[in-house]
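Structure at a glance
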Amino acid sequence: MPEHDAGDVRQAWGRVTGWLEQHAPAVFAALGGPGSATAVRATETRMGLVFPTEMRQWLLANDIDAGRRPDSGSPLVALGCGGVLPGGGLLLGLTDIERVHLHRTAVAEREPSADPDHPSWRREWVPVAAESDGFYGRFLDTRTGTVGSWTEGAFPRDAEHASLTAFFQAVADDLEGRDAEGTAGRRLPDGGAQADAIRLWARANGYLVNDRGRIPATVREAYEAHEASR
């Protein structure tokens, strides 16, 4: 398996965490602490994969799941962290990475794609973000080092970002490009007609909204622009 250029994923991730620490401290705190090299190797062994260097570096810098285990009855993504990604979804740690990978691989084997050139999932793909049900998310291709996405009812989109470093640079660019009031960590009320309307509209129009009550600013802005144009 070829080794991919790690780039400077720690610098890119540092931009993300630096912004969160200043503008969304509760989200920053939920990221947890450093990961364990032993835990990373054990996860690779169970998954039958070898993570690219930059993914190992990222997981060693922050493993969201470190020291935590899912409760019984937890959703597929049991420990993910919301409020990090502007497009929504939960960022995954090692435990959820393995859980989602196992689930997606099993579904693809049980329900193979009618088009072999466009599988619904490849075993070489490692999820890095997902909604709690696993129907939407982002993955890293261990063969190429690129980052793509999957969505229920559509073929996965590969190589949307050249690397994990490029993905986190894009996240940081988005976060740094907005003011403190329009943050990814901003929280709308968990209930209420407006929040419910935004969630329904987002689902119908392909936007990701995570399961912890936070509606990303990009989604809210898109919804408001839609309403203003009516």
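About the cut-offs
- Residues numbered from 1 in each chain as written.
- Predicted model: local features only at pLDDT ≥ 70, side-chain atom pairs only at ≥ 80, totals over all residues.
- Heavy atoms only, no water.
- Buried < 20%, exposed > 50% of the residue type's maximum accessible area, 1.4 Å probe, protein only.
- Helix = DSSP H or I, 4+ residues; strand = E, 2+ residues; numbered from the N terminus.
- Pairing = 2+ DSSP bridges.
- Core = buried A, V, L, I, M, F, W, Y, C linked by side-chain atoms within 4.5 Å.
- Contact = heavy atoms within 4.5 Å.
- pLDDT = per-residue confidence, 0-100.
- Axes fitted to C-alpha atoms, helices over the stretch in contact; angles between N-to-C directions.
- Salt bridge = Lys/Arg side-chain N within 4 Å of Asp/Glu carboxyl O.
- Expected span 1.5 Å × (residues − 1).

**Thoughts on the pairing of strand 4 (residues 147-151)**
Here strand 4 lies mainly inside the structure; 4 of its 5 residues are buried. Sheet topology places strand 3 (residues 136-141) next to strand 4; 5 bridges connect them, and they run antiparallel. Opposite Arg138, over in strand 4, you have Ser149 as the bridge partner. Between strand 3 and strand 4, which follow one another and run antiparallel, lie 5 residues, and Gly145 among them has a positive phi close to 85°. As paired elements, strand 4 and strand 5 (residues 157-161) share 2 bridges and run antiparallel to each other.

**Description of the nonpolar core**
Core analysis: the largest hydrophobic core is formed by 45 residues, its most contacted members being Val16, Met55, Trp58, Val84, Leu91, Leu164 and Phe168. In contact with Leu164, other than residues within four places in its own chain, are Val9, Glu54, Met55, Trp58, Val128, Leu140, Gly145 and Val147.

**Describing the confidence of the model for the chain**
Averaged over every residue, the pLDDT of the chain is 83; residues scoring 70 or more account for 79%. In the model, residues 1-5 has pLDDT below 50 throughout and makes 11 contacts with residues more than four positions away in sequence or in other chains. Between residues 179-191, whose pLDDT stays under 50, and residues either more than four places distant or in other chains, the model counts 32 contacts.

**Here's the deal with the sheet that holds strand 5**
Judged by pairing direction, the sheet is antiparallel, and its 5 strands sit side by side in the order 1-2-3-4-5 without closing on themselves. Looking at the sheet topology across the chains shown, the edges are occupied by strand 1 (90-91) and strand 5. Two strands pair when backbone bridges link them, and strand 2 (residues 125-130) and strand 3 are joined in this way by 5 bridges, in the antiparallel orientation. Its bridge partner lying in strand 3, Pro127 is registered against Phe139. Its contacts with the sheet put helix 6 (residues 164-176) on strand 1, strand 2, strand 3, strand 4 and strand 5, and the angle it makes with strand 5 is roughly 65°.

**Let's talk about the pattern of salt bridges**
Summed over all chains, the structure comprises 9 salt bridges. In this structure, the salt-bridge partner of Arg99 is Asp96, at a minimum N-O distance of 3.8 Å. Separated by 3 residues within a single helix, Arg99 and Asp96 lie in helix 5 (residues 94-110), roughly one turn from each other. Overall, the relative accessible area of 0% leaves Asp96 in the buried class. For Glu160, the salt bridge identified is with Arg138, shortest N-O distance 3.0 Å. Of this pair, Glu160 sits in strand 5 while Arg138 sits in strand 3, placing them 22 residues apart in sequence. With a relative accessible area of 31%, Glu160 lands in the partly exposed category. The structure contains a network of salt bridges with shared partners spanning Arg15, Asp173 and Glu176.

**Digging into helix 5**
With 17 residues, helix 5 should reach 24 Å at 1.5 Å per residue; the first-to-last C-alpha distance of 24 Å fits that figure. Among the residues of helix 5, Leu94, Thr95, Asp96, Ile97, Val100, His101, Arg104, Thr105, Val107 and Ala108 are the ones counted as buried. For helix 5, the elements touching its buried residues are helix 3 (37-47), helix 4 (53-61), strand 2 and strand 4.

**Some points on the pairing of strand 2**
Successive residues of a regular strand alternate their side chains across the two faces of the sheet. Of all 6 residues that make up strand 2, 6 are buried, and the element is covered over most of its length. When strand 1 meets strand 2, the two strands line up antiparallel, connected through 2 bridges. Residue pairing across strands places Leu91 opposite Ala129, the latter belonging to strand 2. Two successive antiparallel strands, strand 2 and strand 3, enclose a turn made up of 5 residues, where Gly134 displays a positive phi of approximately 80°.

**Notes on unusual backbone geometry**
A positive phi angle, near 55°, is found at Ala159, a position not held by glycine. Mapped onto the fold, Ala159 is located in strand 5. For Ala159, a relative accessible area of 48% corresponds to the partly exposed category.

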